[in-house]
Structure formats: structure tokens, C-alpha cells
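What follows is each chain in one-letter form.
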Amino acid sequence: MAVNVPGVIAMVVFYLLVLGTGIWASFKSKRKQTKSGATGMEMALLGNRSISWMVGVFTMTATWVGGAFLAGTAEMMHTPSMGLTRTIVVVMGYSSSFIVGGLVFAKPMRERNFLTMLDPFHFKYGKEITAVLSLASLLTDLTWVPATLICLDISQMLMNNTLNAPWIGQPGLEKTWIMIDGFLLLTLGGVGYQCFHQRILSASSPVSAKLSCFAACFFILLFGIPPLLIGAAASSTDWNQTTYGSPSPYERGEAAMTLPITLQHLTPSFISIIGIGCVAAAVMSSADSPLLSAASVFTTNIYKNMLRPRASDREIQWVIRISVVVVGVVGTSLTSLRNSVILFWFIGADISFIIIFPQLLCILYFNISNCYGATIGILVGLVLTLLSGDPTIGLEPVLHFPGCTLEDGVYVQYAPVKTISMLSSIAAILLFSYLASVLFNKGVLPEKWDVFKVKAQHSPVPLSPVGGAIEENETINGQDSRIDLM
């Protein structure tokens, strides 16, 4: 197979430009840090919280419109069992997540000047729960990296089928709850990513954070159209009449490469080069998000808060650099499992939706939440998810919800099992938080059993959203710490 020499040259030039821009930006940020007196951590992780709403719109959009979004959208359009119906659900779900994030999370997170989305857990719950949620956040970032990079498989993209099933997909009323489940998974799970909150926390003000979210919602829909059309073209193409030949990418098990294959074999060479450059730009703009996100969580919530509370600013800078390299290497190594972008995409979304989102919602809006409820909530969500099964990873269901049927030797859950798991997690957090608070504060259980010091945090209050500014005093590591929850 011949090498696409112009494509190789274009890619090399592009990456050299990106490298040069990065070097220039590093010197500029150091000068800005010296002038502003900002800490190295805030400058490196949040850009000194000085991102305007206009720049924020582009950074927020670029976080989502990356390799995983573009390649995953084209792959779904080219996969007969998904097609247009599932693709629209995914694009609309991710777009709606910005509306939810802007309305629900942008203001409370930005007003309190957190460094990461896990800071509220550290201030209120302490080390243990924060460590578990930090690992969950790191897993979402690790799955994001390979999902972003798979579509840049250079050996497939730069080397030189029968008509596929209709790209409309296979919609049916029996799949209504499945599509609703997927929509909620991406809408609410999308706000459980540290990448999202990193953009909010770097905004110059809460208003800028909100505006960035709302504008990004529109741009997600706009930028979802090109990969959708490319996937539709791939499904409608007689590949036997192209240089790619038969069978189609889907039939060869290369559906994950639909986007670069289509650009390579269905467009003129100069269009292919421009298209591949655009994909590369999207990958570069979104690949840095999970790298920086994972580095933020590890450096702030694990290394600084747990391992080395008195680490110097210079030491923290080196930890950030090393974390970025490690996450990049591990994430890139996962691209060897290149069967599907969608697989990595949805694994990360599952973790965010079922584990992180319920915890974040409860700690910000329900004053009663405590470590006992958080622990049970994690266990309930995780156990229900595993027992419900997941065909994408070959996990057979143990719990058969109404409508579960055996199709081609595989059990299919037609109930919204992921949403059920998420709601069960929220219910468990609130119920067991309230029970623990009552039992310890009423003296039903001895105070020596209160390992999470719930009695010292607050007395029992009704299970209702927190409406005003509430301050809590708590003890972490033997020192008083204060946090405004809402």
C-alpha cells in the first residue's frame, strides 16, 4: 500500500506548528504569572482564572468536539444497528449537558474558586471518599485519551465494499427507553467530567462560565453535522468501486476508522489532507483536556491534599508535568484496543453518570449528604450497574428488568438500567446520609462507631435541596475547615 506523502508532510508541518505554539505559550504564561503573582498551580491548571467568555466558548466546545466525538459520530452512522437515530441521541445528549452544566453547576463551582470538581468532597468528606472519586475521575480521563487518539491511527489513515445497511439505523418503539437512557447518560454524565469543570473553573467569572456553556451547546450541534454526513456517505457507498475495495469498513471490523477511511478514499487528495488536518486539530484540542484533567485531579486531590500537603510550588509543577506524561503514555497504550471508539466513549460516560454525577449533585445541593451515604451510594450504583450487565463489554445481566429478552444469544435490557442505577445511587446517598445523621445525633449508635464524624458535621435536616448560603464547620486532619455548600 502506497504512502500518502502529501498527507504525511501536512501532518508533520501541522504538529510542528502546534509544538511551536505550545513553547511560545509557555513563555508567555510564565511572564503573566510573574506580573499577576498567581500561584503556579492556578496558572498551570486554570490559566489564572482569566479566560473570557468568548475564549471560553472555543475552549469549552473544543473539549467535546475532538477525536472521540468526530470519529464516534461517524462510526455510529456507519453501524447499521445504530445509524441516524442513535447518533442524534448522542449529539443531542452531549449538547444538552452544557445546558445542565450552565444552569446547575457553573455558578456554585466557580463562585467558590475550587481547583477541581473534587475539592468539595475533600473539604466535606475528607480523604477516603475523595480518593475513591478521584480514581473514578482518572478512569474517565484514561478512557477519553484512547477514544480521542484512535481516529488518528496513522498506519490506517495514510496508507493506500458492498452496499451497507441503510444508515437510518433500526429504530423501534421497543428501543424508546434505551434511547432515553442513552440521552440521560450523556446529558447528565457529561457534567461529571473534570474536563468540563476545568473549563468552568478557569472562567473569569461565574457569568462567563455560564455563557460559555450555553454557547457551546449550539456549537456542539453545529459541529456534529459533518461527521454525521460522512458516516451516512460511508454507509451508502459501494466500496468495491473505491480504492479501499470490498468489504466495507464495518464488515472488516474497522468501523472505528470510518472517518479517516472515508476521507482517504472518497475525497480528492487535497480535500483528504485538509480533512485529516481538521481531525488532527480537533484531536489536539481535546486530547490535552483529559491529560490536564487527570493531572489536575492527581496533583491537587491526591498528591497535594493527601500525600504531600506541604509540597512546594516547584514540586507541584513537576508533579503536573510527570502526571501528564504518565496519563498520555497509559492512554496511548490503550489505543491498541482499537475495536471501537464508542466502547471507550461509553465506559467513561458510565463512570461519570452512575458514580460521579450523583455524588456531585448531592454534595452541592443537599446539606444532609455525608460520608456514609456517599459510600453506600457508590456501592449501590456500582453493584446495580454490574448486575444489570453491559453487552458492550460482554457482561451478562444477573438482574433481568422488565422487557429483558434474549436476542441472538445475548440478553438485551430494554429498561433504562443506567438511569435506574443513577437514581438508586442518589436515593441511597440521601437515605443513608439521613439515617446515619439521625442514628448518631440521637445517640442510638455510640459516638465511637462514628468513623466519619457525622455528629461533628451537622444535625439531621429534612431531605430538601439547599436553597441558601450554608456554612459548615468540619474537622479534616485535625484542623478546622470551612466550606460554603450553597
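Above this text you will find the structure in question.
None of these values were measured; they are calculated from a predicted model.

The rules behind these values
- Residues numbered from 1 in each chain as written.
- Predicted model: local features only at pLDDT ≥ 70, side-chain atom pairs only at ≥ 80, totals over all residues.
- Heavy atoms only, no water.
- Phe/Tyr/Trp six-rings, centres within 6.5 Å; stacked < 30°, edge-to-face > 60°.
- Buried < 20%, exposed > 50% of the residue type's maximum accessible area, 1.4 Å probe, protein only.
- Lys NZ or Arg CZ within 6 Å of the ring centre and 35° of its normal.
- Helix = DSSP H or I, 4+ residues; strand = E, 2+ residues; numbered from the N terminus.
- Axes fitted to C-alpha atoms, helices over the stretch in contact; angles between N-to-C directions.
- Parallel < 35°, antiparallel > 145°, perpendicular 65-115°, else oblique.
- Left-handed = near helix turned anticlockwise from the far one by under 90°.
- Contact = heavy atoms within 4.5 Å.
- Nonpolar A, V, L, I, M, F, W, Y, C, P; charged D, E, K, R; others polar.
- Expected span 1.5 Å × (residues − 1).
- Bend = angle between axes of the 7 residues up to and from the residue.
- Patch = residues over 30% accessible without salt bridge, like charges linked within 9 Å, V, L, I, M, F, W, Y side chains within 5 Å.
- Areas by Shrake-Rupley, 256 points an atom, 1.4 Å probe, with all protein chains shown as cover.
- Salt bridge = Lys/Arg side-chain N within 4 Å of Asp/Glu carboxyl O.
- Lys, Arg positive; Asp, Glu negative; His and termini not counted.
- Charge placed at Lys NZ, Arg CZ, Asp CG, Glu CD.

### Thoughts on the packing of aromatic side chains
Counting across every chain of the model gives ten aromatic pairs. Aromatic side chains Trp-239 and Tyr-244 sit 5.3 Å apart centroid to centroid with 65° between the ring planes, which places their arrangement in the edge-to-face category. When sorted by exposure, Trp-239 lands in the same class as Tyr-244, which is buried. An aromatic cluster is built from Phe-218, Phe-219 and Phe-223, whose rings are joined through pairwise contacts. Across the ring face of Tyr-244, the terminal group of Arg-252 is positioned such that the distance to the ring centre comes to 4.0 Å. Here the basic side chain of Arg-321 rests over the ring of Trp-318, its NZ or CZ set 4.9 Å away from the ring centre.

### Considering helix H13 (residues 258–266)
Of all the nine residues making up H13, eight are buried; the element is thus mostly covered by neighbouring parts of the structure. Of the positions making up H13, those classed as buried are Thr-258, Leu-259, Pro-260, Ile-261, Thr-262, Leu-263, Gln-264 and His-265.

### A look at unusual backbone geometry
Negative phi characterises most residues that are not glycine, and trans characterises most peptide bonds. In this structure, Pro-247 follows Ser-246 across a cis peptide bond, with omega equal to -5°. Residue position: Pro-247 is located in the loop between helix H12 (225–235) and H13. Here Asn-113, not a glycine, exhibits a phi torsion of approximately 55°, which is positive. Relative to the helices and strands, Asn-113 resides in the loop between helix H5 (83–111) and helix H6 (119–125). For Asn-113, a relative accessible area of 43% translates into the label partly exposed. Notably, Lys-453 is not glycine yet its phi reads approximately 55°, a positive angle.

### Digging into the packing of helix H3 (residues 53–64) against helix H11 (residues 206–223)
Where H3 meets H11, the closest approach of the two axes is 8 Å, and the angle between their N-to-C directions is 45°. When the axis of H3 is compared with that of H11, the two are oblique. Handedness of the crossing formed by H3 with H11: right-handed. The residues of H11 that touch H3, namely those facing Trp-53, Gly-56, Val-57, Met-60, Thr-61 and Trp-64, are Ser-208, Leu-211, Ser-212, Cys-213, Ala-215, Ala-216, Phe-219, Ile-220 and Phe-223. Its residues assigned to classes, the contact of H3 with H11 shows eleven nonpolar, four polar and no charged.

### A word on the side chain of Ser-137
Tracing the sequence through the fold places Ser-137 in helix H7 (residues 127–149). For Ser-137, a relative accessible area of 0% gives the class buried. Sequence-distant contacts of Ser-137, defined by excluding residues within four places in its chain, comprise Met-117, Leu-118, Gln-194, Val-297 and Ile-356.

### Let's talk about H5
With 29 residues, H5 ought to run about 42 Å at 1.5 Å a step, and its terminal C-alpha atoms sit 41 Å apart, in line with that. At Phe-105, H5 shows its largest kink, close to 55°, and the proline Pro-108 lies no more than four residues downstream. Remark: Asn-113 follows H5 within two positions and exhibits a positive phi of approximately 55°.

### Quick word on a positive patch on the surface
Residues Lys-28, Arg-31, Lys-32 and Lys-35 make up a contiguous surface patch of positive charge. Position of Arg-31 relative to the elements: it lies in helix H1 (residues 5–36).

### Some thoughts on the side chain of Thr-242
Tracing the sequence through the fold places Thr-242 in the loop between H12 and H13. The residues touching Thr-242, leaving out its near neighbours within four places in the chain, are Thr-237, His-265 and Leu-266.

### Structural notes on the packing of H5 against helix H10 (residues 194–201)
Relative placement of two packed helices is described by the angle separating their axes and the distance separating the axes. One can describe the packing of H5 onto H10 by two numbers: an axis separation of 10 Å at closest approach and a directional angle of 55°. For the element pair H5 / H10, the angle class is oblique. H5 and H10 meet at a crossing whose hand is right-handed. Across the interface between the two elements, Phe-98, Gly-101, Phe-105, Ala-106, Met-109 and Arg-110 of H5 pack against Phe-196, His-197, Ile-200 and Leu-201 of H10. The residue makeup of the contact of H5 with H10, split by class, is seven nonpolar, two polar and one charged.

In short, the description is geometric, and any link to function would need to be established separately.
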